[in-house]
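Listed here are the chains, written in short residue letters.
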Amino acid sequence: MAISEPASVQAPHGEPLVVLEGVNKWFGDLHVLQDVNLSIARGEVVVVIGPSGSGKSTLCRAINRLETIDQGRITLDGMPLAQEGKALAKLRAEVGMVFQSFNLFAHKTILENVTLGPIKVRKASKSAARQHAQELLERVGVSAQAQKYPAQLSGGQQQRVAIARALAMEPKVMLFDEPTSALDPEMIKEVLDVMVELAERGMTMIVVTHEMGFARTAAHRVLFMADGQIVEEATPDEFFNNPKSERARDFLSKILKH
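Everything numeric here is computed off the predicted structure, so don't read it as measured data. (Residues numbered from 1 in each chain as written. Predicted model: local features only at pLDDT ≥ 70, side-chain atom pairs only at ≥ 80, totals over all residues. Heavy atoms only, no water.)

(A) Quick look at the nonpolar core. If you look at the biggest cluster of nonpolar residues, it comprises 52 residues, and the most contacted ones within it are Ile-163, Met-174 and Met-205. Considering every element that reaches this core, the biggest residue donor is helix H6 (residues 185-200), with 9 residues. Ignoring sequence-local partners within four residues, the contact set of Ile-163 consists of Val-98, Met-174, Phe-176, Val-191, Val-194, Met-195 and Leu-198. Among the nonpolar cores identified, the runner-up in size contains 29 residues, and Val-48, Ile-74, Ala-82 and Ile-206 belong to it. (Core = buried A, V, L, I, M, F, W, Y, C linked by side-chain atoms within 4.5 Å. Buried < 20%, exposed > 50% of the residue type's maximum accessible area, 1.4 Å probe, protein only. Helix = DSSP H or I, 4+ residues; strand = E, 2+ residues; numbered from the N terminus. Contact = heavy atoms within 4.5 Å.)

(B) Quick peek at the sheet that holds strand E1 (residues 16-27). With antiparallel pairing, 4 strands are arranged side by side in an open sheet as E2-E1-E4-E5. Every other strand in the sheet has two partners, leaving strand E2 (30-41) and strand E5 (79-80) as the edge strands with one partner each. Bridge analysis of E1 against E2 gives 8 bridges, and the strand direction is antiparallel. What sits directly across from Pro-16, in E2, is Ala-41. (Pairing = 2+ DSSP bridges.)

(C) Just the sheet that holds strand E6 (residues 95-98), in detail. Within the open sheet, the 6 strands sit side by side as E6-E7-E8-E3-E9-E10. Their pairing is mixed. In this open sheet, the two edge strands, each paired with only one partner strand, are E6 and strand E10 (229-234). Put simply, the sheet's adjacent strands are angled 20° from each other on average, direction ignored. Note that strand E3 (residues 45-49) and strand E8 (residues 204-208) share 4 bridges and pair parallel. Note on E8: the bridge partner recorded for Val-46 is Ile-206. Across the sheet, H6 touches E3, strand E7 (173-177) and E8, and the angle it forms with E8 is around 145°. Together, E3, strand E9 (221-226) and E10 form the strand contacts of helix H9 (residues 246-255), whose direction differs from that of E9 by roughly 100°. (Axes fitted to C-alpha atoms, helices over the stretch in contact; angles between N-to-C directions.)

Given below as structure tokens:
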């Protein structure tokens, strides 16, 4: 599947699915998220970029409560994030997450990795979970690997399995935290192609990435973060062709030269 030319798609307008209001987070004296306000519509693809240490990953992890926040409010589909117990497990099922490292269970087959969540959390029958898993593995191009173990797959294949595993929970939103940063260059495209296809199907996505081609191609909106703040937000065309802030211009001049 080839990545298409940059689309001039309009961002979806509708009920916001994910809303952050006045979100603050400290690690000791380090103020990693500073009064972050953000609203993401259902079906919107938002790409978050910025220098290392700008708070991008913390923002991502706060949305499914892998990181707690110190001040502010985050809601998913109108509901505040659950704090603990079954409600938190339900939240995690509705917010799919794909990390830098693939986090697959090494002792389980690819098929077992993808079916585990739906069976244990969603209480799906084994046969229904298997059928859905096979369909998802087909969709991400690794159905032939279903009976293998993670160590038998390339990094790109493992990351595509991780995407299928997250999709198996039928999440409302998908979070990607630098999903290609641990991959060899030739494997990056195969993962980005899957993500582009997800975007085209209308999945709500928040993607922390250094892949500017993906940001140009698939994003409705680009957020530029620095020092724990959203410094700038714009359409990909506006951001890459006419960044407003000195900080964003400096960042782009460094990364686009290479």
